[in-house]
Amino acid sequence: MKTPHQLCTFHVAGLFLGLDVLAVQEVLRARELALIPLAPANVEGLLNLRGQIVTAIDLRRRLSFPPRAADESPMIMIVRDEDGCVALLVDRVGDVIEVQDATFEPAPDTLPAAMRSLLTGVHKLPKQLLHVLDAREITAASAHAA
């Protein structure tokens, strides 16, 4: 029996990515972030989310893509797991889509190791690949970065 999964999709530097919809708490428009002196390059700053301080990670930097243009505002995805939450800066948020186990494969060996370590795998969709991020790896990476 096939088990469908729902993924919240988004784009970073032209890459089509997804996260388990249950890991995504909410999506916000760009907001002002408090800068952190001497923070790792992928940490964009801190976000005050209704009194909760959340580390904001720029996925472009985390995935080793060039920075977004100065006139492009990122969207913010709040991702939660049992250890806390993190704000991911992405280029554009897509739809929630349903995928099947049959389309899932491990991440290709051709991807850079830094990117592959953050993925659970890819779904082969009719027109493109959907790279599935591992929410636990993302939040763990932010814990080490903060």
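Our subject is the structure that appears above.
Predicted model only: the values in this text are computed from it and were never measured.

Rules of the game
Residues numbered from 1 in each chain as written. Predicted model: local features only at pLDDT ≥ 70, side-chain atom pairs only at ≥ 80, totals over all residues. Heavy atoms only, no water. Helix = DSSP H or I, 4+ residues; strand = E, 2+ residues; numbered from the N terminus. Buried < 20%, exposed > 50% of the residue type's maximum accessible area, 1.4 Å probe, protein only. Contact = heavy atoms within 4.5 Å. Pairing = 2+ DSSP bridges. Axes fitted to C-alpha atoms, helices over the stretch in contact; angles between N-to-C directions. Core = buried A, V, L, I, M, F, W, Y, C linked by side-chain atoms within 4.5 Å.

S.K.: Any chance you could explain the environment of G18 here in plain terms?
M.R.: By the secondary structure assignment, G18 is in strand β2 (residues 15–20). Of the residues examined, G18 reaches a relative accessible area of 0% and is grouped as buried. Put simply, G18 and H131 are 113 residues apart on the chain and 6.1 Å apart in space, counted from C-alpha to C-alpha. Residues in contact with G18, not counting those within four places in the same chain, are C8, T9, F10, L130, H131, V132 and L133.

S.K.: Even after reading the chapter, I still don't get the pairing of strand β11 (residues 129–133), so can you show me in this structure?
M.R.: Among the 5 residues in β11, 4 count as buried, and that is most of the element. Pairing of β2 with β11 involves 2 bridges; the strand directions are parallel. When the sheet's bridge partners are listed, G18 is paired in β11 with V132. Relative to β11, strand β10 (residues 119–124) runs antiparallel, the two being bridged by 5 bridges. Counterpart to G121 in the pairing with β11 is V132. Between β10 and β11, which pair antiparallel in sequence order, lie 4 residues.

S.K.: Even after reading the chapter, I still don't get the sheet that holds strand β7 (residues 84–90), so can you show me in this structure?
M.R.: What holds strands together in a sheet is hydrogen bonding between their backbones, with the strands either parallel or antiparallel. In spatial order, the strands read β3-β6-β7-β5-β4; together these 5 strands make up an open sheet with mixed pairing. Strands with a single pairing partner mark the edges of an open sheet, and in this sheet they are β3 (24–28) and β4 (43–49). With strand direction ignored, the average angle separating the axes of adjacent strands in the sheet is 25 degrees. Sheet topology note: the strand β6 (residues 75–81)/β7 ladder contains 7 bridges and is antiparallel. Looking at β7, one finds that R80 is bridged to C85.

S.K.: What's the story with the nonpolar core in this structure? I'm lost.
M.R.: Generally speaking, a soluble globular protein has its nonpolar side chains buried in company with each other. Counting 25 residues, the largest nonpolar core has F10, L17, L19, L59, M77, L88 and L133 as the members making the most contacts within it. Contributions of two or more residues to this core are made by β1 (4–12), β2, β6, β7 and α3 (135–145). Not counting the four nearest positions on each side in its chain, L19 is found in contact with Q6, L7, C8, F10, V24, M77, V79, L88, L133 and A135. Core analysis: the second largest hydrophobic core is formed by 11 residues, L28, L49, V54 and C85 among them.

S.K.: What is the right way to look at the sheet that holds β1 in this model?
M.R.: Taken together, the 6 strands give an open sheet; going across it, the order is β8-β1-β2-β11-β10-β9, and neighbouring strands pair in mixed fashion. Only two strands of the sheet have a single partner each, and these edge strands are β8 (92–100) and β9 (104–105).

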